[in-house]
Amino acid sequence: MAGVINVILRKNASGLGLTGSYGVSARGDAEQRRFTASMGGQISHGGRALLSVDYLQREPLLGSARSWNAPNQPHQDATNGSSTPSGASFYLTGDSVHHSAADCTEKNRDANGTCIDDAARLTNLQTAFVSRSVLGHVDQNIGSVQAYADLRWTQTTQRQQMAPVQEDLMLPANHPDNKLHHDQAIYGYSVNDLGPVRDFTQTTNSYILLGLKGGLSEWDWDTHVSYQRNKSEDRLDGLIRTSAFARALYYGTYRFDGHNSANLLHAISPTLIRHASSSQTSASVHLAGPLAQLPQGALSMAVGVEAYRDRLADLPDPLLLSNQVFQFQSPSARHEDRWSSAAYMELSAPLTRRLEADLAWRMDRNQGYGRAISPKFGLKWNLSDSFSLRGTWAKGYRAPTLLQLSRPATLAATGFLLQVPNQLLPCVTSAPATDTTSFCEVRLNSVNNAQLRPETSHSYTLGMVWAPTNDIGVALDYYRIRRNNEITQLPVTYAVQNPDSYPQLFQRNARGELYAFNQQLVNLGHTDARTLDLDVRYGFDTTRYGHYALNLGVNYLMRLNREVVADTPLLHYAGYASQPRWSALAGLEWSFHDWITTANLRYTGHYRYEPYADSYESCPDYLVQLGKCNTPAFVLLDLNLAYRGIPHWMLAFNVHNALNHAPVYYGTPGTAYNPLFDDVLGRYYLFSFTYRP
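Criteria and cut-off values
- Residues numbered from 1 in each chain as written.
- Predicted model: local features only at pLDDT ≥ 70, side-chain atom pairs only at ≥ 80, totals over all residues.
- Heavy atoms only, no water.
- Helix = DSSP H or I, 4+ residues; strand = E, 2+ residues; numbered from the N terminus.
- Buried < 20%, exposed > 50% of the residue type's maximum accessible area, 1.4 Å probe, protein only.
- Contact = heavy atoms within 4.5 Å.
- Areas by Shrake-Rupley, 256 points an atom, 1.4 Å probe, with all protein chains shown as cover.
- Core = buried A, V, L, I, M, F, W, Y, C linked by side-chain atoms within 4.5 Å.
- Patch = residues over 30% accessible without salt bridge, like charges linked within 9 Å, V, L, I, M, F, W, Y side chains within 5 Å.
- Salt bridge = Lys/Arg side-chain N within 4 Å of Asp/Glu carboxyl O.
- Disulfide = S-S within 2.5 Å.
- Phe/Tyr/Trp six-rings, centres within 6.5 Å; stacked < 30°, edge-to-face > 60°.
- Pairing = 2+ DSSP bridges.
- Arc of directions from axis to C-beta.

### A word on the overall build of the chain
The helix and strand inventory of the chain stands at 6 helices and 39 strands. Across the 693 residues in the chain, those meeting the buried criterion constitute 44%. Within the chain, contacts between residues at least 6 apart in sequence are counted, and of these 68% link residues at least 24 apart. A total of about 34,700 Å² of accessible surface is found on the chain, and carbon and sulfur atoms cover 57% of it.

Right, dumping it as structure tokens:
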């Protein structure tokens, strides 16, 4: 889970500016504090400077803080282990996934005697996050030329945790905790005395840009060079050193009653340190101005060239490189270096009094992939002063990034429930889902794909705009984009339907039982997406009651089809898992004297459980019986009140998710919310102030 940083982009300011905010949920948790100060002004004749500092702190939020995340589950004591012996089965109720176990400790059972899987409550809904940043800008006029420089330094720290590691192990017959006195297989043992898996990441970003710009007759030119570097250190605690744990089990030094020495636990689970860095050096030249005079106006042109050098270095902990500690992304030391360049040109011409045309051309060249040309053509027809039609056609090109050539981010770790056709059985741990499918509990690994090819696209847009006044406007646009060789993760559901095509992705143990699945970025055959966007704005003034403004944006997903492999049937995704057809955003603003009040509604439409139409992965029987095969539509309401009656100051109070909507999600088993749409904090209050000279 990544933190969000608001990069300060203002480069011109006079005097001292201050901004601060404090946020807290209605439950008194998930606090956030932020403070920004900026100072700017003239430093010489024709010269200005700006210096700004920003600090942001956000407190973490565990799953146990929200009842909807793990309903009716007591908090699990992290000092005692719990195990699911051989032959255990899943027990599913609503969104919750439990393990049925014969020897589960009494305090980890619910009222029905079912052993509780408490992973969701021990995992972060929101990470702890701290950001510090400094921004500097200076420019100086030297005759007709302006020299400028931008400097930026940002450091972020992030802490997150997930439930303790679960291990499949063989308990030796001579182990003092083995009451059966013969080798005993234990699946899904939660090593709680190691504590949750904890990840601490510190990232430092440095950026410098030096440039010159000016005018030459009627033309403007700009040239600059820049350098940006990201450096990170990642510390990971709670993973298991396999050889040390196996040795402790063999000699009986690791005990299951929770009484293990700190030295033993450190040997079993040492701190793992990973260092990584990336950098980009770039240079560009841009020139824009009138090329010729046409009867209806000037033919304008913009041209430019760009060059980039990207570098990537990654050095995992030696224990990871030697595979002594399992991690969900296969580790490797990497040092990558790549050059890229581009040239572009854009022409803008008024063909008639009411018809305008834009023509653009771009050539990209990436080391290892050759070159590609991407054209674009657009027309705007002003039928009247208030009504116009517009449309564009374009081709696009994108080469794989250095990170994509390495490996995708892992979607989940251990304990992921994968619904598979029964032909893929046996699994280490499984449970029936439907008559023809089963749930398998697997690890999701992440592997690289060095054979990735660039993706290309064709896009079309067609729209109309009606704006009779400055306060009234309606825009309706149709978008279609087709991506060929789209770089994305191979759909898991497609891979398990076609296992013979991807045998390298399925990991089985010596007994032939499926225990892991390898995720991989691939080039899909093509993706075809079509949407309709409607934007409406309406404002009016009243004599006594101020100004009102209404804004409405509606998006309808008409089609989202994917051809995973060329010449195979299309898969229809619109309206299915995490792809609602309808979404909307509506806002109402009322300005009265020194007060501004706003209300914003965000609507997310419903979507079905299945990943796509006619998928083998149909809604599981337990959800069918509960009538929960559709994640319902929902609305989030935000309210804001601002006061600007004090000179130079603005005071504001915001209520996010004012209706306190709790997530309702019928998708991935064992997951209570959808991170793409759901708000996990609940009703949230934010107080802020702004001072401008």
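### Focus on the nonpolar core
Judged by nonpolar contacts, the single largest core of 28 residues is most densely connected at L418, L490, V496, Y502, F506, F517 and V564. Looking at this core, the elements that each hand over two or more residues are β21 (416-421), β23 (437-446), α5 (492-497), β28 (514-519) and β31 (546-563). Here this core gets 4 residues from one element, more than from any other, and that element is α5. Discounting chain neighbours no more than four positions away, the residues touching V564 are L490, P491, Y494, Y502, N523, L524, G525 and L571. Judged by nonpolar contacts, the second largest core, of 23 residues, contains V191, L236, A248 and L320.

### Some points on a nonpolar patch on the surface
Side chains of L351, L359, F377, L379, W393 and Y460 sit close together on the surface and give an oily, nonpolar patch of about 520 Å² of accessible area. Topologically, L379 is positioned in strand β19 (residues 370-382).

### Looking at the state of the cysteines
Applying the stated rule across the entire model yields 2 disulfides. Covalently, C427 is tied to C440 through a disulfide, its sulfur atoms 1.7 Å apart. With the S-S bond torsion at 65°, the cross-link from C427 to C440 turns out right-handed. One end of the pair, C427, is in the loop between β21 and β22 (430-432); the other, C440, is in strand β23, with 13 residues separating them in the sequence. We note that C427, like C440, is buried. The side chain of C619 participates in a disulfide bridge whose partner is C629; the two sulfur atoms lie 2.0 Å from each other.

### Details of the packing of aromatic side chains
One pass over the full model with this rule turns up 17 aromatic pairs. Look at Y538 and F540: their rings are 5.6 Å apart centre to centre, the planes differ by 40°, and that puts the pair in the tilted class. A residue is classified by how much of its surface remains accessible, and Y538, at 39% relative accessible area, is partly exposed. Overall, F540 belongs to the partly exposed group, its relative accessible area being 34%. Considering the side-chain rings of Y607 and F677, the 5.9 Å spacing of their centres and the 50° angle between planes classify their relative orientation as tilted. Here Y607 is found in strand β35 (residues 607-608), whereas its partner F677 is found in the loop between β38 (649-656) and β39 (684-691), with 70 residues between them in sequence.

### Here we look at the environment of L321
With respect to the secondary-structure elements, L321 resides in helix α3 (residues 318-321). L321 gets classed as partly exposed once you look at its relative accessible area, which sits at 35%. Expressed as a C-alpha distance, the spacing of L321 and A333, which sit 12 residues apart in the sequence, is 7.5 Å.

### Regarding the side chain of S21
By the secondary structure assignment, S21 is in strand β1 (residues 15-25). You can call S21 buried: its relative accessible area is 18%. Setting aside anything within four residues of it in sequence, one finds S21 in contact with Q32, R33, R34, L686, F687 and S688.

### Examining the pairing of strand β34 (residues 595-604)
By the bridge criterion, 10 bridges tie strand β33 (residues 582-592) to β34 in an arrangement that is antiparallel. When the sheet's bridge partners are listed, A586 is paired in β34 with L601. Here β33 folds back onto β34, and the loop between the two strands holds 2 residues, one of which, H593, carries a positive phi near 55°. Bridge analysis of β34 against strand β37 (residues 634-643) gives 10 bridges, and the strand direction is antiparallel. Note that in β37 the partner of T597 across the bridge is L641.

### As for helix α1 (residues 242-250)
Burial in α1 covers these residues: A244, F245, A248 and L249. Across the axial projection of α1, the buried residues extend over an arc of 135°, all falling on one side. Where α1 is buried, its residues contact β11 (166-171) and α2 (262-268). Backbone geometry just after α1 places G252 at a positive phi near 75°.

### Quick word on the environment of E31
Note on placement: E31 falls in the loop between β1 and β2 (32-44). Since its relative accessible area comes to 22%, E31 is described here as partly exposed. Residues E31 and Y684, spaced 653 residues apart in sequence, show a C-alpha to C-alpha distance of 9.3 Å. Those residues in contact with E31 that sit more than four places away from it in its chain are Y22, G23, V24, Q57, R58, E59 and Y684.

### Concerning unusual backbone geometry
Here the bond from L425 into P426 is cis, since omega is 15°, no more than 30 degrees from zero. Along the chain, P426 falls in the loop between β21 and β22. Although it is not a glycine, N485 adopts a positive phi angle of roughly 55°. In this structure, N657 takes a positive phi of about 55° despite not being glycine.

### Describing the pairing of strand β13 (residues 197-216)
Sheet topology places strand β10 (residues 145-162) next to β13; 18 bridges connect them, and they run antiparallel. Bridge assignment links Q160 to a residue of β13, and that residue is D199. Across 19 bridges, the pairing between β13 and strand β14 (residues 219-237) is antiparallel. Residue pairing for β14: R198 is matched across the bridge by D237. Linkage of β13 to β14, two consecutive antiparallel strands, is achieved through a turn of 2 residues, within which S217 is found at a positive phi near 60°.

### Section: the pattern of salt bridges
Under the criterion given, the structure shown has 20 salt bridges. Among the salt bridges present, the one from R511 reaches E513, with a minimum N-O distance of 3.1 Å. Judged by its relative accessible area of 15%, E513 is buried. Salt bridges sharing common partners tie together R480, D528, R530 and R559.

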